[in-house]
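So the chains spell out like this:
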Amino acid sequence: MRANGGFRLIALLLVASVYASSSQTHAASSPVAPVPATSVAGSDIGDRVNHALKSCALQCTVYIPAGNYSFATPIHLELNPFGKYKLSGDPGAVLSYTGGGDAIITTINNLSGSSQLLIEGFQLMGNAHAAAGIHTMPTNRITIRNMVISGFSGGDGILVEGTNSSNIYDNLISNNKNGIRLIPTVCNSSAPIHCGTSASGPPFAANAIHVTYNQITSNTQWAIFEDTVMVGHGLSETLNNLYMGNDFEANGVGAIYLTRSRGTIITANYFEGSPRQVVLGMPNGGSGYRAYGPVVRDNYFTTVTATPYNIEIEDADSALIEGNSELVASLDAKNCFVNIVGATRTYISKNAIYQRNAYCYNGVPGTPSTSDGSFFFGQR
């Protein structure tokens, strides 16, 4: 979970297994039928979901039937039940959040375990005052899939705070401030658990987050924003995140921004129509805000005049860029496929580049010195 030992939590699953009976004579448990959220009393659908989860002691599927639901009560999905419940909905279930804060948040009672939490299937609509559509907290194993998350224009469609080993796939995430924002956090160890920049305790970075096969479009700032809201406290960079097979179009500031990362892979994505596309590292941030070993491979870019650079290496160490392709829609003399500002040991292999300037250095066509071991294939 946290960078310096979080995956030790997986061992707790093995400890939990000792409670399973080895006897073959015990009858199998009867499956629990899904609990319709509408069958439980509450002030709105958020309150009903919360009550439904309590009624089954977090050991059921809570299902939201088709329909239009306005709600102001945040949905609290308690972490660390080891996969005993999920929140599911009909594709025709439209939940419109009218409150502030987070529409859905994964609350913490303790900092151990792998949650195996699944959120799937329905539409979640926001408002300008909400902080996030879905806010995940430190744990291992959360999956968000087959969702529509839209309208959180003052916040994030999904906010990943210190979560590890989780999957976000096959969603439409559109018309938010940021599509997905990942941040580090620190949590106090004693109950009630509180996490954030003001807490004191174990550190958690957002590691091994797999964002695959989503449409993340028309967000006013970034589609993906790895936001370094704090440093120190023993926090590492974000570790080994994967962005694969996504459609990134028409995001207001840019598609992917890595401010402090290590081993991130950006592959097989579709980029078009954002002022900035892939940005590696924070300019003038120093080594603490660097992208270490990022891989940008086999992506497609539509090149237009309004997007001067397809890939920006602002501050990176050992970046690997290869196998990418572009279609040139419009360009001028200032367009470059890759712009290098601050980098060491950069390796750029073959890419299908058709614009005049393959590489720029500080916005001027050309490349920096290769004395640090950098390699630029096909310099122009």
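Our structure is the block above this text.
Rules of the game
Residues numbered from 1 in each chain as written. Predicted model: local features only at pLDDT ≥ 70, side-chain atom pairs only at ≥ 80, totals over all residues. Heavy atoms only, no water. Pairing = 2+ DSSP bridges. Helix = DSSP H or I, 4+ residues; strand = E, 2+ residues; numbered from the N terminus. Right-handed = clockwise from strand over helix to strand, strands pointing away. Buried < 20%, exposed > 50% of the residue type's maximum accessible area, 1.4 Å probe, protein only. Contact = heavy atoms within 4.5 Å. Polar contact = N/O pair within 3.5 Å; in protein donor to acceptor, adjacent residues only side chain to side chain. Disulfide = S-S within 2.5 Å.

Draft legend 1. Here's a closer look at the pairing of strand S2 (residues 61-64). Taken together, the two bridges between strand S1 (residues 35-36) and S2 define a ladder with parallel strand orientation. Within the sheet, the bridge partner assigned to valine 35 lies in S2 and is valine 62. You can see the chain leave S1, run along helix H2 (residues 45-55) and come back into S2, and the turn it takes is right-handed. Pairing of S2 with strand S5 (residues 86-89) involves four bridges; the strand directions are parallel. Paired with isoleucine 64 across the two strands is glycine 89, which belongs to S5.

Draft legend 2. Structural view of H2. Listed in full, the buried residues belonging to H2 are Ile45, Gly46, Asp47, Val49, Asn50, Ala52 and Leu53. Where the residues of H2 are buried, they touch S1, S2, strand S3 (67-71), strand S4 (75-76), S5 and strand S6 (93-97). The N-terminus of H2 is capped by aspartate 44, whose side-chain oxygen sits 3.2 Å from the backbone nitrogen of glycine 46. Positive phi appears at alanine 57, one or two residues downstream of H2, with a value of about 55 degrees.

Draft legend 3. Spotlight on the state of the cysteines. Following the criterion strictly, the structure yields three disulfides and no others. The side chain of cysteine 56 participates in a disulfide bridge whose partner is cysteine 60; the two sulfur atoms lie 2.1 Å from each other. The chirality of the disulfide connecting cysteine 56 with cysteine 60 is left-handed, given an S-S dihedral of about -65 degrees. By relative accessible area, cysteine 56 is classed as buried at 15%. The disulfide bridge from cysteine 187 ends at cysteine 195, spanning 2.0 Å between sulfur atoms. Taking the sign of the S-S torsion, 105 degrees for the link of cysteine 187 and cysteine 195, the bridge is right-handed. Here the two residues cysteine 187 and cysteine 195 agree in accessibility, since each one is buried. The disulfide pattern of the chain is 1-2, 3-4, 5-6 when the bonded cysteines are numbered in sequence order.

Honestly, that's just the spatial picture; any functional story needs more than this.
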